[in-house]
Amino acid sequence: MEFTKLHENPDVLHVGACPPRSYYLPKAPDDGGESSRVCSLNGTWSFRYFDSFLDVFPDGTAADICFDEDDMDEIEVPSCWQNAGYDRHMYTNVRYPIPFDPPFVPDENPCGLYLRRFEISAEDRTRRTYLNFEGVDSCFYLWVNEQFAGYSQVSHSTSEFDVTDLLVEGENAVAVLVLKWCDGTYLEDQDKLRMSGIFRDVYLISRPENHIRDFFVKTALNEDFSRATIRVETELCGKPELSAALYAPDGELLQIAAGENPVFTVERPQLWNAEDPVQYALRLATPDEVIEQKVGISKIEIRGGVLYFNGMKIKLRGVNRHDSDPVTGYTISREQAKRDLILMKQHNINAVRTSHYPNAPWFLQLCSEYGFYVIAEADIESHGASMQTGAHGMDEYADVALNPIFDKAILDRIQRSVIRDKNNACVLMWSYGNESGWGPSFEKAGAWVKSYDPSRLTHYENTYYDARGHKNDLSSLDTVSRMYPAPEWIEEYFADPKNTQPLVLCEYIHAMGNGPGDAEQYQQLIMRHDGFMGGFVWEWCDHAVYGGTTPDNRDVFRYGGDFGEFPNDGNFCMDGLVYPDRTPHTGLLEYKNVIRPVRAELLDAKAAEIRLTNYRDFTNTDEFLMISWEIQQDGETTACGVLDDIAIAPHESGVIRLNGEVPETGDVTILLNYSAKKDDSVFFPKGHALGFDQLIVSRAARSEAPLTPGGVQAVEDGRRITVTGPDFRYVFSKTEGVFESLVKSNASLMTRPMTWNTYRAPTDNDQYIDAAWKQAGYDCPQVKVYGCESRVENGVAAIDCTLSLAAVYRRPFLRLECRFEIDGAGRIRAEIRGARDTAQAYLPRFGLRMFLPKSFDTAEYFGYGPYESYCDKHQASYLGRFAQRTDDLFEDYVKPQENGSRFGCKSVTVTDGAGAVTVTSPADFSFNLSRYTQEELAAKKHNYELNQSPDVVFCFDYKMSGVGSNSCGPQLAKPMRFDEETFTFRFDLVVE
């Protein structure tokens with residue numbers, strides 16, 4: 001036949017493909033475990049890569065395609081061909097990888113030709129044979145025994161072909177030509193590394209002539225949830241004799257039914273929810289085939305603008321998840337997916353959004369088994385339409401959604417998502433896609449979803465703009481969804497009586513790099529408003545490509561721009577709660593404690609009386625909770641105990657009293673560590689940490705130690721003031737306004753002069769404000785000392801200086817009045833009064849930086865630890881005494897950035913075991929101890945490129961601005977910014 005470019009014809013989505021159906025793998029009646037009717041074609045295939053589609057068909061016809069295996073390579077299926085060394089990786093977020101000219105794609109379109117041989121027996125020929133592809137990016141042409149068998153596009157959904165009449169007894173061959181781009185590419189502009197190939201399972205299914213083609217399990221509950229009805233609607237091929245059996249969760253046979261649409265009634269049903277994901281088993285049988293399906297019974301409602309699940313208000317503590325692995329790319333095994341879900345459970349996560357496409361069909365079975373609410377998203381995103389003029393344009397955002405040539409594809413993709421996954425208990429909401437604007441295509445598809453499955457909620461976020469004059473009809477949507485709104489917007493939403501739908505944040509607290517810094521702020525709003533369903537963190541994991549190790553055994557992870565590609569969006573794909581290898585970020589630890597299942601409030605400190613609130617939706621605390629408690633004074637435990645018999649119903653509060661005396665002086669805290677009361681065979685053992693609360697009873701007023709007079713001299717020259725005492729010699733720079741040398745007991749405590757510190761290596765969340773910081777010159781200030789004088793009074797030296805910090809060609813952004821006092825013991829007492837130029841951006845930080853010998857690699861501190869902590873990111877840490885090595889204070893982000901600060905400190909000692917530098921302050925301060933300078937962190941793109949400083953870098957700060965989530969979220973909240981007009985930093989510095 002004459003070959004036509006089906007991949008540029010939006011009217012032709014599938015040729016020779018069967019209509020979509022729910023996901024199941026049928027078995028023979030006597031099969032025990034694995035199905036004998038399913039023949040996997042996974043494994044080694046012959047493979048030929050072409051740089052261009054035109055190279056595949058030199059004469060432009062299908063007849064001249066070469067199926068000769070002699071000169072073909074080999075490739076594993078499933079896989080992404082970029083991970084096998086063909087083509088190159090590419091990461092682009094919004095911008096399309098091709099010109100915006102729908103439905104056309106470049107003729108220089110990379111392709112991969114796959115060939116696999118397999119055997120068909122005489123017995124197989126007595127049944128019908130279906131060939132299934134669970135995921136192929138972006139489209140494919142199919143030949144069976146060199147006969148054209150079909151075409152299909154939609155990368156993340158199943159394409160099934162009835163190939164019975166093309167097969168022969170004995171050896172058969174299947175050939176698949178996969179194209180990198182097609183007209184469907186305009187609907188697959190998801191924020192991810194772009195990869196190609198047969199990336200999910202391929203298999204043959206052998207079925208009797210008369211069989212169940214599709215079925216839909218529908219459950220209903222009466223008003224008091226005491227009776228459930230399970231109705232199975234079937235679509236049959238031929239007229240098979242059908243029987244059905246329902247088994248209880250414990251395996252007991254409950255009922256048998258017959259007919260095309262069997263119905264079961266269950267008295268006192270066990271209901272499915274994410275905390276107790278109990279499922280029944282349905283067995284559908286014809287004389288020659290069996291289909292097994294797990295069934296979860298539940299009821300989803302919205303009443304009064306509030307989400308109810310089985311009659312209970314619930315909250316979604318969710319994450320967005322891509323199929324992603326640094327080695328295997330899009331190709332994800334069940335074990336890899338289980339690892340993700342187990343980690344999520346261990347960190348209190350109860351919901352997943354399949355951003356932005358259907359995951360592997362068995363993934364939702366795992367979510368149903370393990371207990372997760374799922375927003376199941378269709379394979380649609382056309383964000384790149386907004387960039388078609390070269391700059392982001394809201395009017396162009398919806399051009400694909402408004403273009404009638406895509407109506408058929410949008411409906412097809414939404415239908416395939418719903419039809420494939422409809423029998424999974426975990427599906428809470430159907431999502432029409434992501435970031436594609438809105439138009440008649442979505443309205444038609446949404447109406448179909450509501451008519452086909454009214455039992456679930458519907459979701460789509462990108463609806464708030466009427467593009468090209470189209471008046472949006474949102475009647476098919478049950479929820480209002482937003483991405484990254486500021487907390488103020490959320491308060492306004494719930495204050496407006498016109499807003500009657502529940503709110504969900506399908507993306508929020510962008511977890512890129514050192515962050516998110518605003519998780520607790522949002523969680524307070526989620527808890528406060530019943531109509532706030534919850535949110536889904538963007539996102540679960542960093543996306544990267546593993547590049548082996550460096551000679552010094554450091555892992556290499558590559559992101560956008562590392563493959564020489566254009567366009568690229570750099571490390572914007574490194575935005576997860578876990579690293580590419582699934583090591584948790586501190587951001588995941590932060591989120592875990594923010595969404596802890598129990599929260600505490602101090603009622604009466606003297607009586608150690610505490611109110612506990614159970615934030616689980618279905619589980620009493622006596623089923624899961626054990627509390628280990630400590631009363632601490634100045635970081636030392638004065639009383640402790642264990643409580644394991646606390647009974648508080650879901651959403652209720654109860655009062656506990658600790659059997660311990662609470663001190664009345666000092667820094668007094670009560671630490672409540674929540675842990676699992678019993679083993680969970682899948683997720684964690686008894687004692688697994690579920691979170692904690694620290695209740696601050698009192699913070700001690702801090703008095704400064706009196707200075708010790710005696711034996712101090714101060715000598716000045718034009719550049720320096722040299723202060724000497726009985727066993728020390730300190731040199732103060734009159735041009736820099738800080739100390740350039742500290743020698744105590746004949747040991748030099750600084751390897752380089754001290755410096756003022758107003759900048760930090762930009763975090764990913766600083767990427768926008770950083771331009772303003774650099775514009776103000778915070779990264780490269782020069783010091784101007786206007787006056788500096790010293791004197792010795794009563795055996796104490798005093799240095800007074802007035803100075804400013806300003807970058808070249810810019811006016812001063814900070815003016816300082818400083819007094820440094822040095823007593824006879826060598827203690828330095830500083831008082832620094834600052835006045836900031838408020839016309840400039842808020843400061844990243846203000847403090848001093850010291851360079852210490854490399855042996856000074858331990859910090860002993862009283863502050864928020866043991867993890868990095870900031871004013872808006874310290875929920876994973878608690879106030880106490882800690883001793884940590886420099887390497888343990890460092891957080892190794894793939895893209896280097898500010899990390900490892902410790903917040904809320906009253907003292908820190910940096911030591912090598914012999915000497916020490918101690919900083920104390922009357923007010924809380926932050927410190928950082930690192931083997932890397934902030935300049936090195938800011939200069940390098942990857943962590944494996946970092947070079948250690950010859951010194952240990954010790955920064956102590958009056959204040960450090962918060963980290964927020966502004967890489968994609970709102971600007972840093974004002975209370976978390978260092979934007980004071982004036983401030984005073986007092987501290988004592990003691991060297992030993």
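Placed above this text is the structure.
Residues numbered from 1 in each chain as written. Predicted model: local features only at pLDDT ≥ 70, side-chain atom pairs only at ≥ 80, totals over all residues. Heavy atoms only, no water.

Some words on the overall build of the protein chain
Within the protein chain one finds 12 helices and 59 strands. Scaling as 2.2 N^0.38, a compact globule of 992 residues should have a C-alpha radius of gyration of about 30 Å, and the protein chain matches this with 32 Å. Taken along the three principal axes of its C-alpha coordinates, the protein chain extends 105 × 70 × 55 Å. Expressed as a percentage of the 992 residues in the protein chain, the buried residues total 62%. Intrachain contacts of the protein chain at a sequence separation of at least 6 include 72% that bridge at least 24 residues. Here the protein chain displays about 36100 Å² of accessible surface, and carbon together with sulfur accounts for 47% of that area. (Helix = DSSP H or I, 4+ residues; strand = E, 2+ residues; numbered from the N terminus. Rg over C-alpha atoms; globule rule 2.2 N^0.38 Å. Buried < 20%, exposed > 50% of the residue type's maximum accessible area, 1.4 Å probe, protein only. Contact = heavy atoms within 4.5 Å. Areas by Shrake-Rupley, 256 points an atom, 1.4 Å probe, with all protein chains shown as cover.)

Description of the side chain of threonine 909
Mapped onto the elements, threonine 909 comes out in strand 56 (residues 902–911). Under the relative-accessibility criterion, threonine 909 is labelled buried at 18%. Here the side chain of threonine 909 touches threonine 918 through a polar contact of 2.8 Å, side chain to side chain. Residues within four places of threonine 909 in sequence aside, it is in contact with Thr858, Ala859, Glu860, Ala916, Val917 and Thr918. (Polar contact = N/O pair within 3.5 Å; in protein donor to acceptor, adjacent residues only side chain to side chain.)

Considerations on helix 5 (residues 407–421)
The end-to-end C-alpha separation of helix 5 is 22 Å, in line with the 21 Å expected for 15 residues at 1.5 Å each. Of all the 15 residues making up helix 5, 12 are buried; the element is thus mostly covered by neighbouring parts of the structure. (Expected span 1.5 Å × (residues − 1).)

A closer look at the packing of aromatic side chains
All chains considered together, the criterion is met by 62 aromatic pairs. Note on phenylalanine 309 and tyrosine 373: the rings are 5.1 Å apart at their centroids and 70° apart in plane angle, and the pair reads as edge-to-face. Taken together, the residues phenylalanine 309 in strand 24 (residues 306–309) and tyrosine 373 in strand 28 (residues 373–377) connect sequence positions 64 residues apart. For tyrosine 373, a relative accessible area of 2% gives the class buried. We note arginine 303 situated over the ring of tyrosine 308; from NZ or CZ to the ring centre the distance is 3.9 Å. Here lysine 959 stacks its cationic end above the ring of phenylalanine 978, 5.8 Å away from the centre of that ring. (Phe/Tyr/Trp six-rings, centres within 6.5 Å; stacked < 30°, edge-to-face > 60°. Lys NZ or Arg CZ within 6 Å of the ring centre and 35° of its normal.)

A word on the pairing of strand 36 (residues 598–604)
With six bridges joining them, strand 36 and strand 37 (residues 609–614) adopt antiparallel strand pairing. In the sheet register, leucine 602 faces strand 37, and the bridge partner there is isoleucine 610. (Pairing = 2+ DSSP bridges.)

Section: the environment of glutamate 8
Mapped onto the secondary structure, glutamate 8 falls in the segment before strand 1 (14–15). Exposure remark for glutamate 8: the relative accessible area of 14% places this residue in the buried category. C-alpha separation for the pair glutamate 8 and alanine 883, spaced 875 residues apart in sequence, amounts to 63 Å.

A word on helix 7 (residues 487–495)
Within the sequence span of helix 7, burial applies to Pro487, Ile490 and Tyr493. Angular distribution of buried residues about the axis of helix 7 spans 115°; they occupy a single face of the element. Away from its buried face by more than 90 degrees, helix 7 exposes Glu492 and Ala495. The elements touched by buried residues of helix 7 are strand 31 (480–483), strand 32 (503–508), helix 8 (519–528) and strand 33 (532–537). (Arc of directions from axis to C-beta.)

With respect to the environment of lysine 959
The topology assignment puts lysine 959 in strand 58 (residues 952–960). Taking relative accessible area as the criterion, lysine 959 reaches 30% and is therefore assigned partly exposed. The spatial distance from the C-alpha of lysine 959 to the C-alpha of leucine 131 is 63 Å, given a sequence separation of 828 residues. Setting aside chain neighbours within four positions, we find lysine 959 in contact with Arg845, Phe846, Phe978 and Glu980.

Considering the packing of helix 7 against helix 8
Any two packed helices are characterised by how steeply their axes cross, that is the angle between the axes, and by the distance between the axes. At a minimum axis distance of 10 Å, the contact between helix 7 and helix 8 shows a crossing angle of 10°. Between helix 7 and helix 8, the interaxial angle falls into the category roughly parallel. On helix 8, the residues touching Pro487, Ile490 and Glu491 of helix 7 are Gln521, Tyr522, Leu525 and Arg528. Residue classes in the contact of helix 7 with helix 8 are distributed as four nonpolar, one polar and two charged. (Axes fitted to C-alpha atoms, helices over the stretch in contact; angles between N-to-C directions. Parallel < 35°, antiparallel > 145°, perpendicular 65-115°, else oblique. Nonpolar A, V, L, I, M, F, W, Y, C, P; charged D, E, K, R; others polar.)

Notes on the sheet that holds strand 19 (residues 253–258)
Ordered by their spatial adjacency, four strands build an open sheet running 19-18-21-22, and the pairing between neighbours is antiparallel. The open sheet has two edge strands with one neighbour each: strand 19 and strand 22 (289–295). The average angle at which neighbouring strand axes cross in this sheet is 20°, direction not considered. Note: strand 18 (residues 243–247) against strand 21 (residues 280–286), five bridges, orientation antiparallel. Looking across to strand 21, one finds that serine 243 is bridged to alanine 285.

Things to note about the nonpolar core
One finds Leu316, Leu612 and Leu672 to be the most contacted residues of the largest nonpolar core, which totals 119 residues. It is helix 3 (residues 361–370) that provides the largest number of residues to this core, a total of six residues. Every residue in contact with leucine 672, bar those within four places of it in the chain, is listed here: Ala600, Ile610, Leu612, Ile627, Ser628, Trp629, Leu658, Gly691, Phe692, Asp693 and Leu695. Of all hydrophobic cores here, the second largest spans 65 residues; its members include Val723, Leu742, Cys801 and Phe978. (Core = buried A, V, L, I, M, F, W, Y, C linked by side-chain atoms within 4.5 Å.)

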